[in-house]
Amino acid sequence: MSAERTDVQVRPGVEADLEALTDLYNHYVRETSITFDTAIFTPQERRPWLLSHPEDGPHLLKVAVDADSQEILGYATSSPYRPKPAYSTSVEVTVYVAPGAGRRGIGTLLYEALFKALANEDVHRAYAGIAQPNEASTRLHERFGFRYVGTYREVGRKFGRYWDVAWYEKDL
């Protein structure tokens, strides 16, 4: 695995990534319960999301790319946990890996870069909601020190059924 990991670079996401990031996210919208969005997005509809993650500050977008082709292999974000001011030192984090790029350590590389950048920010806790079941995501988050704090039962409905979301937190 380490030989494959060396051909991956992690960098901040930029506007030129918008179409590829939208395509990657739309895969999860169409095919999985990992996101509770139910309609695909155009790149223009996703533009405000991308612009809400500048290169500095606590709300970041990190992108993993193939070093040779520059193909996007995944991304991770830290976003506002809730809009009220008292929540400003909490972030919600997420990671998406491109179909076919799993089991290469992409999620690990992305979270390493994200949490390294967050270490310089005024952030106290990170939260992650994981639609169940998702063993790979649960393992990734636990490897980064996330602790299970509870489950919202049948909180989302997609594909004609209800889904649970397990919540995890990490001290920063």
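Use the structure listed above.
Every chain is numbered on its own, with residues counted from 1 as its sequence reads. A pLDDT threshold of at least 70 governs which residues receive local features in this predicted model, and a stricter bar of 80 or more applies before side-chain atom pairs are shown or counted, although totals over entire chains, interfaces and linings include all residues. Hydrogens and water molecules were not included; the side-chain quantities draw on all heavy atoms of the structure.

Here the focus is the overall build of the protein chain. Across its full length, the protein chain carries 5 helices and 7 strands. In this description a helix means any DSSP run of H or I spanning at least four residues, a strand means any run of E spanning at least two, and both kinds are numbered starting from the N terminus. For the protein chain, the N- to C-terminal ordering of α and β elements is α-β-α-α-β-β-β-α-β-α-β-β. The size measure is the radius of gyration over C-alpha atoms, and the globule rule it meets is 2.2 Å times the number of residues to the 0.38 power. For the protein chain, whose C-alpha radius of gyration is 16 Å, the value lies close to the compact-globule estimate of 16 Å for 172 residues. With the C-alpha coordinates aligned to their principal axes, the bounding extent of the protein chain is approximately 45 × 40 × 35 Å.

What follows is about the side chain of Asp66. Topologically, Asp66 is positioned in strand β2 (residues 61-66). Burial classes: relative accessible area under 20% of the type maximum marks a residue as buried, over 50% as exposed, and values in between as partly exposed (1.4 Å probe, protein chains only). Charge convention: Lys and Arg are scored as positive, Asp and Glu as negative, and His as well as the terminal groups of each chain are ignored. We define a salt bridge as a contact between a side-chain nitrogen of Lys or Arg and a carboxyl oxygen of Asp or Glu at a distance within 4 Å. Of the side chains with opposite charge, Arg104 comes closest to the buried, unpaired Asp66, at an N-O distance of 4.7 Å. Whenever two N or O atoms come within 3.5 Å, that pair is a polar contact, provided that in protein one can donate a hydrogen and the other can accept it, and provided that, for residues adjacent in sequence, both atoms are side-chain atoms. Within polar-contact distance, the side chain of Asp66 engages the backbone nitrogen of Asp68 at 2.9 Å.

Where helix α4 (residues 106-118) meets helix α5 (residues 135-143), the closest approach of the two axes is 11 Å, and the angle between their N-to-C directions is 35 degrees. Crossing angle aside, the handedness with which α4 passes α5 is right-handed. Contacts from Gly107, Thr108 and Tyr111 in α4 reach Leu140, His141 and Arg143 in α5. Every axis corresponds to a line fitted to the C-alpha atoms, with the helix fit spanning only the stretch in contact, and the corresponding angles, defined between N-to-C directions, vary from 0 to 180 degrees. Crossing handedness: left-handed means the near helix sits turned counterclockwise from the far one by under a right angle, and right-handed means the same turn made clockwise. We call two residues contacting when some pair of their heavy atoms lies within 4.5 Å.

The set of residues buried in helix α3 (residues 43-51) consists of Arg46, Trp49 and Leu50. Buried residues of α3, viewed axially, fall in a sector of 95 degrees; they line one side. Relative to its buried face, α3 has exposed residues pointing more than 90 degrees away, namely Gln44 and Pro48. Buried residues along α3 sit in contact with α2 (18-31), β2 and β3 (72-80). This arc corresponds to the set of directions leading from the helix axis out to the C-beta atoms.

Let us look at the sheet that holds strand β7 (residues 161-171). The strands making up a sheet are joined through hydrogen bonds of the backbone, oriented either antiparallel or parallel. The strand order across the open sheet formed by 7 strands is β1-β2-β3-β4-β5-β7-β6, and the pairing between neighbours is mixed. Of all the strands in the sheet, just β1 (8-12) and β6 (147-158) have a single pairing partner and so form its edges. Each strand of the sheet is rotated relative to its neighbour by a mean of 25 degrees, with strand direction disregarded. Should DSSP find at least two bridges between two strands, the strands are regarded as paired. Examined bridge by bridge, β1 and β2 share 5 bridges and lie antiparallel to one another. In the sheet register, Pro12 faces β2, and the bridge partner there is Lys62. Sheet strands touched by α5: β4 (90-97), β5 (125-131) and β7. Its angle to β5, the strand with the most contacts, is close to 165 degrees.

As used in this record, nonpolar core signifies buried Ala, Val, Leu, Ile, Met, Phe, Trp, Tyr and Cys residues forming a set joined through side-chain atoms within 4.5 Å. Counting residues in hydrophobic clusters, the biggest one holds 42 residues, and the most contacted among them are Leu21, Tyr75, Val93, Tyr111, Phe115 and Phe146. At the level of elements, α2, α3, β2, β3, β4, α4, β5 and β7 are the ones that each hand at least two residues to this core. The element contributing the most residues to this core is α4, with 8 residues. Discounting residues that sit within four places of it in the chain, Tyr111 has contacts with Ala76, Val93, Thr94, Val95, Leu140, His141 and Phe144.

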